[in-house]
Amino acid sequence: IALIHVTGPIHLGRSARRPFSGPSAGSNTVCAALRSATEARNVKAIVLRVDSPGGSYVASDAIWRQVALTRRAGTPVVVSMGDVAASGGYFVSMGADVIVAEPATLTGSIGVVGGKAVVDRLVQRFDVAHEAVTAGEHALMFSPLREFSEADWQRLNAWLDRIYEDFTAKVADGRGLAPGRVDEVARGRVWTGADAAEHGLVDEL
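The present account deals with the structure reproduced in this document.

Glancing now at the nonpolar core. Among the nonpolar cores identified, the biggest contains 39 residues, and Leu48 and Leu201 are the most heavily contacted of them. Looking at this core, the elements with two or more residues in it are strand 1 (2–7), helix 1 (27–39), strand 5 (46–52), helix 2 (57–72), strand 6 (77–86), helix 3 (88–91), helix 5 (150–175) and helix 6 (179–185). Discounting chain neighbours no more than four positions away, the residues touching Leu48 are Ile4, Val6, Leu34, Val67, Val77, Val78, Val79, Ser80 and Val92.

With that settled, the discussion passes to the packing of helix 1 against helix 2. The N-to-C vectors of helix 1 and helix 2 enclose an angle of 5 degrees; their axes lie 9 Å apart at closest approach. Here helix 1 lies roughly parallel to helix 2, going by the angle between them. Note on element contacts: helix 2 touches helix 1 through Ala59, Ala62, Ile63, Gln66, Val67 and Thr70, opposite Ser27, Val30, Cys31, Leu34, Arg35 and Thr38. For the contact of helix 1 with helix 2, the class distribution of residues is seven nonpolar, four polar and one charged.

To continue, consider the sheet that holds strand 3 (residues 16–18). The three strands are arranged 2-4-3 in an open sheet whose pairing can be described as mixed. The open sheet has two free edges, formed respectively by strand 2 (10–11) and strand 3, since each of these has just one partner strand. Taken together, the three bridges between strand 3 and strand 4 (residues 22–26) define a ladder with antiparallel strand orientation. Within strand 4, the position partnered with Arg17 by the bridge is Pro23. Of the strands in this sheet, strand 2 and strand 4 are in contact with helix 1, which crosses strand 4 at around 65 degrees.

Glancing now at helix 2. Spanning 16 residues, helix 2 covers 22 Å between terminal C-alpha atoms, matching the ideal 22 Å at 1.5 Å per step. Among the residues of helix 2, Ala59, Ser60, Ile63, Gln66, Val67 and Thr70 are the ones counted as buried. Take helix 2 and look down its axis: the buried residues cluster within an arc of 120 degrees, on one side only. Turned more than 90 degrees away from the buried face of helix 2 sit Val58, Arg65 and Arg72, all of them exposed. Contacts made by the buried residues of helix 2 are with strand 2, helix 1, strand 5, strand 6 and helix 3. Where helix 2 starts, the residue carrying a side-chain oxygen 3.3 Å from the main-chain nitrogen of Val58 turns out to be Ser56.

A few words on the pairing of strand 6. Counting buried positions along strand 6 gives seven out of 10 residues, so the element sits mostly inside the fold. Note: strand 5 against strand 6, six bridges, orientation parallel. Across the sheet, the residue bridging to Ser52 is Ala85, located in strand 6. The parallel pair strand 5 and strand 6, bridged by helix 2, forms a crossover whose chirality is right-handed. Across three bridges, the pairing between strand 6 and strand 7 (residues 98–100) is parallel. Directly across from Ser80, in strand 7, lies its bridge partner Val100. As judged from the three bridges shared by strand 6 and strand 8 (residues 106–108), these two strands associate in the parallel manner. Note on strand 8: the bridge partner recorded for Ala86 is Gly108.

What follows covers the pattern of salt bridges. Throughout the structure, instances matching the rule amount to eight salt bridges. For Arg146, the salt bridge is made with Asp152, and the minimal N-O distance between the two is 3.2 Å. For Arg146, a relative accessible area of 27% puts it in the partly exposed group. A salt bridge links Asp183 to Arg187; its shortest N-O distance comes to 2.7 Å.

Criteria and cut-off values
Residues numbered from 1 in each chain as written. Predicted model: local features only at pLDDT ≥ 70, side-chain atom pairs only at ≥ 80, totals over all residues. Heavy atoms only, no water. Core = buried A, V, L, I, M, F, W, Y, C linked by side-chain atoms within 4.5 Å. Buried < 20%, exposed > 50% of the residue type's maximum accessible area, 1.4 Å probe, protein only. Helix = DSSP H or I, 4+ residues; strand = E, 2+ residues; numbered from the N terminus. Contact = heavy atoms within 4.5 Å. Axes fitted to C-alpha atoms, helices over the stretch in contact; angles between N-to-C directions. Parallel < 35°, antiparallel > 145°, perpendicular 65-115°, else oblique. Nonpolar A, V, L, I, M, F, W, Y, C, P; charged D, E, K, R; others polar. Pairing = 2+ DSSP bridges. Expected span 1.5 Å × (residues − 1). Arc of directions from axis to C-beta. Polar contact = N/O pair within 3.5 Å; in protein donor to acceptor, adjacent residues only side chain to side chain. Right-handed = clockwise from strand over helix to strand, strands pointing away. Salt bridge = Lys/Arg side-chain N within 4 Å of Asp/Glu carboxyl O.

This is how it looks when you write it as structure tokens:
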């Protein structure tokens, strides 16, 4: 049995451990470990140990896809949830054969949030001048030196809506739940493992 960890915030690239922020889960590292375990002749099943509050949607989706490919290759994947498996942490879990949570695991948080910090007044206070050269209407959309325009807000909300629809559709497919039922337990709500088991988001405690 191969044991693969998804610990800390999920992001693109390689997993890391930093002095003040602790461990993080890089999609490249986790996907490579899943592929390696899938190809190993002596590995009969994989335990994916998830202890993560989430992070990058793209990185979480990459891990979710690799879990799907691993199962398609015939290797069972069992998720073991730690203290927290929420948002992206739940995203990487929901496609497994079986999900096991602790009664107090914080899980679910099926939703998406986005935004940015705007520091234009701060840099003005320090007399820092700045200029921008752009090509395209939304080139400065995520610049911390300007607020979202109305068009930027519309685009951001459209992105978030698409991500939420993708997330909930994959929950419905992976957990065998009706879309309406998923909507009742989604919307960013966070559940304990015990409540998640009652709602069909996890299989066992």
